[in-house]
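Here is what each chain is made of, one letter per residue.
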Amino acid sequence: MTTTKRMRIGMVCYPTFGGSGVVATELGLALAKKGHSVHFITYQQPVRLNTFDPNIFYHEVHVPTYPLFDFPPYETALASAMVNVITHYNLDLLHVHYAIPHAAAAFMAKQILKKEGKDIPVITTLHGTDITLVGKDKTYAPVVTFSINESDAITAVSTNLRMETYKHFKIEKEIEVIANFVDVERFCRIGIDAFRKVIAPNNEKILMHASNFRKLKRIPDVVRIFKEVHNHIPCKLLLVGDGPERPAAEELCHELNIQDDVQFVGKQDQMEEILSIADLFLLPSEYESFGLAALEAMAAGVPVITSNAGGLAEININNETGFSAEVGDVKTMGELSLKILQDESLLHRFKLNAIKQAKKFDIHTIIPLYEKLYERIL
Ligand code: GMT
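Note that this is a predicted model, so its numbers are computed, not measured.

J.: Just give me the short version of the sheet that holds strand E8 (residues 205-211), but keep the residues and values in it.
T.: Taken in spatial order, the six strands make up an open sheet running E10-E9-E8-E11-E12-E13, and their pairing is parallel. Across the chains shown, the open sheet's two edge strands, defined by having one partner strand only, are strand E10 (262-266) and strand E13 (322-325). Strand-to-strand twist of the sheet, defined as the mean angle between neighbouring strand axes without regard to direction, takes the value 20°. The sheet contact formed by E8 and strand E11 (residues 280-283) spans two bridges and is parallel. Following the sheet pairing, Met208 is matched in E11 by Phe281. Sitting on the sheet, helix H9 (residues 219-230) is in contact with E8, strand E9 (235-241), E10 and E11, with an inclination near 165° to E9.

As structure tokens, then:
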């Protein structure tokens, strides 16, 4: 058995419901369970940081306001918080998730500490929109390129994202792919019958989608795919999460006259419970670097219908764990959904395949890859 040195790790992420925050939080929790000390440095308690662990520390970044500031200088406050936490707790390394503005703030902290004689290694994990949407925007690109290149190690959550990063930025260093992960044991559970009955009292099939309801998630496609299915079999749609596209989605449900069979359940942090009653998960996004929501569904034994954009093909194996189709092809996605839901033996086979595929991304396989990376850069 190999023994791992106990490390003191600074973890920086967005604390909101986005996938990058979820990955950072689950990573921190798993590392803490293995005996490492993990210090979260964020402006709010991360949503999945909801259990007590003596190895977990939480440091809130405060951004004092002043009448002069139209834009409170978050990045400056964050860099200062990094310096203080690293110094006070003698951290070994800093792992930042999502390049903007975390990689730049980490660079600043690293330079300040260097002056004080401390060299703090910085790892930047790229998650998706920090590269493909926001990052490559000219407004941010020079700082993003510089701060990625200044990181001591760079990881991307999929091969596709690694490729996109090299395509859009002048990166001089190796980007290592460490895929996202899921705790299969936690997600793979039997659905509570009573809960299922509340949602689908007449044993209707349950379709589900979970996201931050941004344009890129193509929420109208989710609704239209459901409509295709609804035209043929009794079914319900559960929409988990919230965001800018929600009002339009509600309107569309009324327009298509399916509002009684669609439920908006808002933001949820116990995804394993809610997924346990689903029959099919829909993720027809314009782009996903990875698609953590789909992986969590698969771990819960739920087949997925996804677009074939970005890194989705790395997790959803077409005609095995579900089906994939071209972005926007709601007709095909609707037909493929029906194909699964109308054939119990196919549904069962895909459920088993989905769990098997999710196991390749199991937390126990992926966490040691991060530990090895940390050890290497120390
Ligand atoms: O998908 C989002 O809008 C949230 C975003 C984030 O940064 O939190 O998710 C990105 O990171 C996740 C975790 O690595 C990936 O699973 C998502 O695919 C990725 N989103 C996009 O690439 C659009």
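J.: Go over the site of the ligand with me, naming the residues and quoting the values.
T.: Lining the immediate environment of the ligand, one finds 20 residues, of which Ser20, His127, Arg214, Lys217 and Glu288 sit closest. Separating an oxygen atom of the ligand from a backbone N or O atom of Gly19 is a distance of 2.9 Å. Here Leu292 contributes a backbone N or O atom positioned 2.9 Å from an oxygen atom of the ligand. For the ligand, whose free accessible area comes to 490 Å², the fraction covered by protein is 95%. The cavity that encloses the ligand is the largest pocket. Counting residues per element, the shell around the ligand draws most heavily on helix H1 (residues 19-33), at three residues. Among the residues forming the shell around the ligand, the class breakdown is seven nonpolar, 10 polar and three charged. Looking at which domains feed residues into the shell around the ligand, each of domain 1 (8-181 + 362-377) and domain 2 (184-360) supplies at least three.

J.: Break down the sheet that holds strand E1 (residues 8-12) for me, with residues and values.
T.: Two modes of strand pairing occur in sheets, parallel and antiparallel, and in both the strands are linked by backbone hydrogen bonds. Here we have seven strands laid out as an open sheet, ordered E3-E2-E1-E4-E5-E6-E7, and parallel in their pairing. Edge positions in the sheet fall to strand E3 (56-60) and strand E7 (175-177), since each of these pairs with one other strand and no more. If you compare each strand with its neighbour and ignore which way they point, the axes differ by 25° on average. Inspection of the sheet shows E1 paired to strand E2 (residues 37-42) by five bridges, in the parallel sense.

Analysis parameters
Residues numbered from 1 in each chain as written. Predicted model: local features only at pLDDT ≥ 70, side-chain atom pairs only at ≥ 80, totals over all residues. Heavy atoms only, no water. Pairing = 2+ DSSP bridges. Helix = DSSP H or I, 4+ residues; strand = E, 2+ residues; numbered from the N terminus. Axes fitted to C-alpha atoms, helices over the stretch in contact; angles between N-to-C directions. Contact = heavy atoms within 4.5 Å. Near = heavy atom within 4 Å. Polar contact = N/O pair within 3.5 Å; in protein donor to acceptor, adjacent residues only side chain to side chain. Areas by Shrake-Rupley, 256 points an atom, 1.4 Å probe, with all protein chains shown as cover. 1 Å grid on protein atoms, 1.4 Å probe; cavity = no way out; pocket = protein on both sides within 12 Å on 5 of 7 lines; lining within 4 Å. Sits in = over half its atoms within 2 Å of the grid points. Nonpolar A, V, L, I, M, F, W, Y, C, P; charged D, E, K, R; others polar. Domains from an automatic or database assignment.

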